[in-house]
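Listed below, chain by chain, are the residues.
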Amino acid sequence: MEKISRRSFVNKFGLGVGASVVMTTLPSFMTETEKIHVPYTGKKLNIALCGLGNYASLLAEGLQVSEYCQLAGIVTGTPAKAETWKKKYNIPEKNIYNYENFDSIAKNKDIDLVYVVTPNALHKEFTVRAAKAGKHVIVEKPMAITAEDCEEMIKVCNDNNVQLAIGYRLHYEPNHLEIKRLGQEKVMGQVRYIETGLGYSTYDVRDINKPVDLNARKEWRLTKKWAGGGCLINLGIYCIQVSRYVLGEEPISVTAQFGHVNNKNMFSQVEENITWQMEFPSGAVANCSSSCGFGIDRFYAAADEGFFEMSPAVSYGPFIGKRSDGKPFNFPVINQQQTQMDEICKVILDNKKLPNHITGEEGIKDVKIINAIYKAAETGKKISL
């Protein structure tokens, strides 16, 4: 039986970020606030973006329309980027840092939070440095490369009385809130099978023999040292996430298989393709795939009394959903970056503890699963979690 109507859901979310659609815990759905949205006019958190790659540009655009936070500073190892961003976003010189002088941000009262958007291998370093400087932290996923790094990040943030969030933007996206509801509330019965995949074609097959400079900074995702892996750790994490929160369960074992390497120049250090399976306590199975060689972006869940699916599903959208019972599956398109940052910053401004679904406690779970999948693919064995 459905406990909330689509109209009520849309009305709540359509009212804007101020309508409070935060998932207070991962198994919950959404708060019951029905208040009309009133624009926020109070204090905003000042955010410094650490690492100015492609995704940082999306975050910056989200910050231009955010209610509870604003872009106030940048941290980059590239002087030319610093100058460009300074002019584009009118950033004061005193709020611009490089990787060497970053620790002096502790003296800057005009920066409240650091959003770490560096290569994966640097997530721990800059989270730790930001926390020791007394700044709250949002770090992009994956949280880190190892569970040990995640544990250190959590400890240092706790020791310095700052909050740590992970950039799980889809936790606030209405289509994903809906499939989470459909699965966890068993609207169509127990979900028995999930199939999901995310992949992009990252090269032209006509240039497959073209040399690749793996030492180039822009190619960090192709190196084991800086990325920690390939398509699994960078893209497959979305498939892990959606499987977990639709079921509301943690996997108990994984099996995995590396796929064929088509572009040996690009993927000499990390995987180009991978498929894996996750078993859950209820008996449900998730069959997942990720690739840097071909495009895929879908989610499908089969339950006792029907199915629900999306395609596109776990990328940036806009998402398109379908239910086997024919009921509407059409939710508002939102600015995912703005919504995520506003909901996190609103909690911090209220001096409340961030809900577990967006903290390091959630991030470390994904990292443990990712490493188990790699182990399963390398050994050919089922790995228990």
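Keep in mind it's a predicted model, so treat the numbers as computed, not measured. Think of each chain on its own: its residues are numbered from 1, step by step along the sequence as written. In view of the model being predicted, local features appear only for residues whose pLDDT reaches at least 70, and side-chain atom pairs are presented and counted only at 80 or more, with totals across whole chains, interfaces and linings using the full set of residues. To get the side-chain values, take all heavy atoms of the structure and skip hydrogens and water.

1. Overview of the UniProt feature "domain: GFO/IDH/MocA-like oxidoreductase" (unreviewed entry) in the chain
- UniProt positions are given in the numbering used here, feature names are shortened, and annotations may be inferred rather than shown by experiment. Those places that UniProt annotates as "domain: GFO/IDH/MocA-like oxidoreductase" (unreviewed entry) correspond, in this numbering, to residues 177–292.
- Secondary structure is summarised from DSSP: a helix means a run of H or I of at least four residues, a strand means a run of E of at least two, and numbering begins at the N terminus for each. Between the C-alpha atoms that bound residues 177–292 the distance is 27 Å, and the span itself is 25% helix and 25% strand.

2. Concerning the pattern of salt bridges
- The term salt bridge refers to a pairing of a side-chain nitrogen on Lys or Arg with a carboxyl oxygen on Asp or Glu at a separation within 4 Å. Tallied over the entire structure, the rule returns 23 salt bridges.
- Two residues, Glu362 and Arg244, come together in a salt bridge whose shortest N-O distance is 2.8 Å. On the criterion of sequence distance, the pair formed by Glu362 in helix α10 (residues 360–379) and Arg244 in helix α8 (residues 231–247) is long-range, its members being 118 residues apart.
- Each residue is placed in one exposure class: buried if its accessible area under a 1.4 Å probe, protein chains only, is under 20% of its type's maximum, exposed if it is over 50%, and partly exposed if it falls in between. According to the relative accessible area criterion, Glu362 is buried, its value standing at 3%.
- With a closest N to O distance of 3.3 Å, Glu343 and Lys346 form a salt bridge. With Glu343 and Lys346 both in helix α9 (residues 336–349) and 3 residues apart, the pair spans about one turn of that helix.
- Among the residues examined, Glu343 registers a relative accessible area of 1% and is labelled buried.
- Judged by its relative accessible area of 11%, Lys346 is buried.

3. Describing the sheet that holds strand β9 (residues 273–279)
- Two strands are said to pair when DSSP picks up at least two bridges between them. Spatially, the 8 strands line up as an open sheet ordered β13-β12-β11-β7-β10-β9-β8-β14, and their pairing is mixed. Each edge of the sheet is formed by a strand with only one pairing partner; in this case those strands are β13 (321–323) and β14 (383–384).
- In the sheet, strand β7 (residues 191–199) pairs with strand β10 (residues 285–291) via 7 bridges, with the strands oriented parallel. Paired with Leu198 across the two strands is Ser290, which belongs to β10.
- Contacts are assigned to residue pairs that have any heavy atoms within 4.5 Å of one another. To get an axis, a line is fitted to the C-alpha atoms, and for a helix only the part in contact is used. The angle between two axes follows their N-to-C directions and goes from 0 to 180 degrees. This element, α8, spans β7, β9, β10, β11 (296–303) and β12 (306–310) of the sheet and lies at about 155 degrees to β7.
- Contacts from α10 reach β8 (253–258), β9 and β14 within the one sheet, and its direction differs from that of β8 by about 55 degrees.

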